[in-house]
Amino acid sequence: MRDPSWQQNRRILLIDDNEAIHGDFRRILRSDAERSTFDSLESALFREAPGRRPVRFELTTATQGAEGLEKVREAQQRGAPYALAFVDVRMPPGWDGIETLSRIWQEDGAIQAVLCSAYSDYSWEEISTRFGNTDNLLILAKPFDPNEVRQMAFALTEKWNQRRALSGANHKVSAQYTVTKILVESTTLSSGVLALLSALGETLGFRFGALWLGDDESDGLRCEHTWSAAPDDSAALEAATRGTRFARDAGLPGRALAQGEPSWFCDLDAVEDDPRARAARGAGLRFAVELPIAVRADAQVAAVLELMDAEPREPDPGLLDVLLAIAAKAGHFIGSKRVEAALRRSEANNRALLYAIPDTILRISSDGICLDFKASRESRPSLRAEDFVHRHVADVFPARVAEQITELVARALADDATHVFEYQEQLREGTRDYEVRIAGSEQAEAVVIVRDITERKRAEAETEARRAREEALRAQNEILAALSTPLIPIHDDVVVMPLVGALDAQRARRVQETLVRGVAARRAHVAILDITGVPRIDGQCADELLRAASAVRLLGSEVIITGLSPEVARTLVALGVDMSGIVTHTTLQDGIASAMASAGARRRPGRRRARRRR
């Protein structure tokens, strides 16, 4: 049974210089009077029940061979070729039917032909010599019987359609074979998809193709691969498609993704929710089919194959079966390439991590054989894998080191712990220090990591030496600080702090701390601060000294400042320093005498001696 959805080509071209013949053919091919007889012939020929549906022929006429040839060319360009041509043999003054038909077959070798003649201008042998053995040609003698004409018209157009269907089936089989071959031979997803789209366009006649892959960010689709038979014409469509994202149930591919089944769009003019529809129409495309693809690696619909064409196509079950088979192969291909890509990324990451480790790494079997080797970055030029692999550790390490490795490999395989030891090796460039870490694995083998720690050892030694130097320097500084701010007891109740040299803010603060701690520790009643050896004092130092005196007074002790030079005195006056409450003496001797007198007065209660200021 023929598929009723098949669009039959009943286009017929009549080339005859007699206008009366044109009228006869119109009546014969469009007459209702002969319908029942013709339907009976058709039913008998194809064993179908009569009265299925009327056959409508589309007749075009030409009066000369050149005019007929031009109409054949125009039909080819429109993509609507003629299935049959009735050609008169005699058509003066132009080409005869033989010449006309010869030229027509050069343009369209698939067209069926009937030569019409009332005379014996050419014998069958002459015609066979001209055209060769062909089954595309019949001879119709004039005057002709209308039923014979209708029978020829139906049979030959049906023959054209059956051949076209067979050719289409062959194209579909060829497409499946080509796609299978492409997907098997493709090494990358990108190259395979581009070849797939190109093959579908070339074998099945589509003008544009795109593959939409699942987009994790939007839970929709993203297009990275497109193909066009006419890149210049579809530049706007490609620009609007490549890199575009569609959410589920949005746009042409989004609908197919949401529905999970093929979608046919026979009129892109009616599509409103896909902004690419206008660009498609601008490229001359009117039809689209969207095929959801189940990617096996994801076990779900994760891709959509989109194909577009210039001519609308009604749903064709045969073509759909082919496309679904191709979609299934594409899904397997995409899934396998994704898995391969993931494995490659994982291997690359592991390799990068492995080679990022600066250490030498070995895999050692339980009996001490090296199974694998990676040299450290520093030693890679001098150490080669072939010097270690399949050799015993005793052959590649110093004897004492090999013994330790062998022993610790056995222990690591027994207790699943990581064992560490260090060793030194004397090389031409000097002594090198190494740290060896050994850990067992489930494959009855151990991983041995050898790290060069020479620089670390040197850094540790330098750090320790620097720490010792810093401790010594700190001790020296403390001694110098003590020497720069000495606190000398001259009596049970009296202490003296002689200051020599420049006095800065930091030293002034140290004077304050030492003086306060010394007075508190010794319970001195008088503290003499001698600044005879201080050449000058600035405002900040003066403030620090006054704060020291105030702190000592808060402890219940008296402060005496001695050795004020004229320059220091003028500076203190110029700075407006408040010296009230502080006893001052010109010389240290006078200060000591005053302090001793004050100490004596404390030992004789009730007797008070006047304090003399100088």
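A quick note: this is a predicted structure, and the numbers were derived from the prediction, not measured.

**What to know about the overall build of the protein chain**
A tally of regular secondary structure across the protein chain gives 18 helices and 21 strands. Burial statistics for the protein chain: of 614 residues in total, 41% are counted as buried. Put simply, 63% of the contacts in the protein chain that link residues at least 6 apart link residues at least 24 apart. Carbon together with sulfur atoms contributes 51% to the accessible area of the protein chain, which is approximately 32,900 Å² in total.

**Focus on the pattern of salt bridges**
In the structure shown here, the tally under the stated rule is 24 salt bridges. The residue Asp274 makes a salt bridge to Arg276 at a minimum N-O spacing of 3.0 Å. Judged by its relative accessible area of 2%, Arg276 is buried. Salt-bridge contacts for Asp372 lead to Arg363; the nearest nitrogen and oxygen are separated by 3.8 Å. One salt-bridge network, in which partners are shared between bridges, spans Glu422, Glu435, Arg437, Arg456, Lys457 and Glu460.

**Re helix α3 (residues 65-78)**
Between its terminal C-alpha atoms α3 stretches 20 Å, which fits the 20 Å expected from 14 residues at 1.5 Å a residue. For α3, every residue scored as buried is listed here: Gly65, Gly68, Leu69, Val72 and Ala75. What you see down the axis of α3 is that its buried residues fit within an arc of 120°, all on one side. One or two steps after α3, the chain reaches Gly79, where phi turns positive at roughly 75°.

**What to know about the sheet that holds strand β12 (residues 360-365)**
One open sheet accounts for 5 strands, arranged β13-β12-β16-β15-β14; its pairing is antiparallel. Each edge of the open sheet carries a strand with a single partner, namely β13 (370-374) and β14 (419-427). Mean inter-strand twist for the sheet, computed between neighbouring axes without regard to direction, equals 20°. Looking at chain direction, strand β15 (residues 430-440) and strand β16 (residues 445-452) are connected through 7 bridges and run antiparallel. Bridge pairing in β16 places Ala439 opposite Val447. Where helix α13 (residues 399-415) meets the sheet, its contacts fall on β12, β14, β15 and β16, and the angle it forms with β14 comes to roughly 165°.

**A look at the confidence of the model for the protein chain**
Considering every residue of the protein chain, the mean pLDDT works out to 81; 87% of them sit at 70 or more. Here residues 1-6 is modelled with pLDDT under 50, and outside its nearest four sequence neighbours on either side it reaches 13 contacts, counting other chains as well. Across residues 607-614, confidence stays below pLDDT 50; counting only partners more than four residues off in sequence or on other chains, it has 11 contacts.

**Some points on the packing of α3 against helix α4 (residues 97-107)**
At a minimum axis separation of 9 Å, α3 and α4 run at an interaxial angle of 15°. By the criterion of interaxial angle, the relationship of α3 to α4 is roughly parallel. Where α3 crosses over α4, the two elements pack in a sense that is right-handed. Mapping the contact onto sequence places Gly65, Leu69, Val72, Arg73 and Gln76 in α3 and Thr100, Arg103, Ile104 and Glu107 in α4. Here the contact of α3 with α4 is built from residues that sort into 3 nonpolar, 3 polar and 3 charged.

**Observations concerning the environment of Thr188**
Within the secondary structure, Thr188 sits in the loop between α6 (146-185) and α7 (189-204). For the pair Thr188 and Glu340, spaced 152 residues apart in sequence, the C-alpha to C-alpha distance is 9.1 Å.

**Notes on the pairing of strand β7 (residues 220-228)**
Most of β7 sits inside the fold, with 7 of its 9 residues counted as buried. When β7 meets strand β8 (residues 245-246), the two strands line up antiparallel, connected through 2 bridges. From the neighbouring strand, Leu221 faces β8, where its bridge partner is Phe246.

**Some remarks on a nonpolar patch on the surface**
Judged by side-chain polarity, Leu354, Tyr355 and Ile357 come together as a nonpolar surface patch covering roughly 240 Å² of accessible area. Summarising the element assignment, Leu354 is placed in helix α11 (residues 317-356). Look at Leu354 and you get partly exposed, because its relative accessible area is 34%.

**Re the sheet that holds strand β21 (residues 583-585)**
Sheets are built from strands that pair by backbone hydrogen bonding, the pairs being arranged parallel or antiparallel. A sheet is described by the order of its strands in space; here 5 strands give the open sequence β17-β18-β19-β20-β21, paired in mixed fashion. The sheet is open, and its two edges are formed by β17 (488-491) and β21, each paired on a single side. Along the sheet, successive strands turn relative to each other by an average axial angle of 25°, direction set aside. Direction of pairing for β17 relative to strand β18 (residues 494-500): antiparallel, over a ladder of 3 bridges. Bridging from a neighbouring strand, His491 pairs with Val494 of β18.

**Overview of the nonpolar core**
Judged by nonpolar contacts, the single largest core of 30 residues is most densely connected at Leu200, Val289, Leu305 and Ile334. Going through the elements one at a time, α6, α7, β6 (208-215), β10 (287-295), β11 (300-309) and α11 are the ones with two or more residues in this core. No other element matches the 8 residues that α11 contributes to this core. Setting aside residues no more than four positions away along its own chain, Leu305 makes contact with Leu197, Leu200, Ala210, Leu211, Val289, Glu290, Leu291 and Ile293.

**Re unusual backbone geometry**
With an omega of 5°, the peptide bond between Pro92 and Pro93 qualifies as cis. For Pro93, the location among the structural elements is in the loop between β3 (84-88) and α4. Omega for the bond connecting Lys142 with Pro143 falls within 30 degrees of zero, at -10°, which places this linkage in the cis form. Position of Pro143 among the secondary structure elements: in the loop between β5 (137-141) and α6. In the Ramachandran plot, His390 falls in the positive-phi region, its phi being about 70° despite a non-glycine side chain. Mapped onto the secondary structure, His390 falls in the loop between β13 and α12 (393-396).

Conventions adopted
Residues numbered from 1 in each chain as written. Predicted model: local features only at pLDDT ≥ 70, side-chain atom pairs only at ≥ 80, totals over all residues. Heavy atoms only, no water. Helix = DSSP H or I, 4+ residues; strand = E, 2+ residues; numbered from the N terminus. Buried < 20%, exposed > 50% of the residue type's maximum accessible area, 1.4 Å probe, protein only. Contact = heavy atoms within 4.5 Å. Areas by Shrake-Rupley, 256 points an atom, 1.4 Å probe, with all protein chains shown as cover. Salt bridge = Lys/Arg side-chain N within 4 Å of Asp/Glu carboxyl O. Expected span 1.5 Å × (residues − 1). Arc of directions from axis to C-beta. Pairing = 2+ DSSP bridges. Axes fitted to C-alpha atoms, helices over the stretch in contact; angles between N-to-C directions. pLDDT = per-residue confidence, 0-100. Parallel < 35°, antiparallel > 145°, perpendicular 65-115°, else oblique. Left-handed = near helix turned anticlockwise from the far one by under 90°. Nonpolar A, V, L, I, M, F, W, Y, C, P; charged D, E, K, R; others polar. Patch = residues over 30% accessible without salt bridge, like charges linked within 9 Å, V, L, I, M, F, W, Y side chains within 5 Å. Core = buried A, V, L, I, M, F, W, Y, C linked by side-chain atoms within 4.5 Å.

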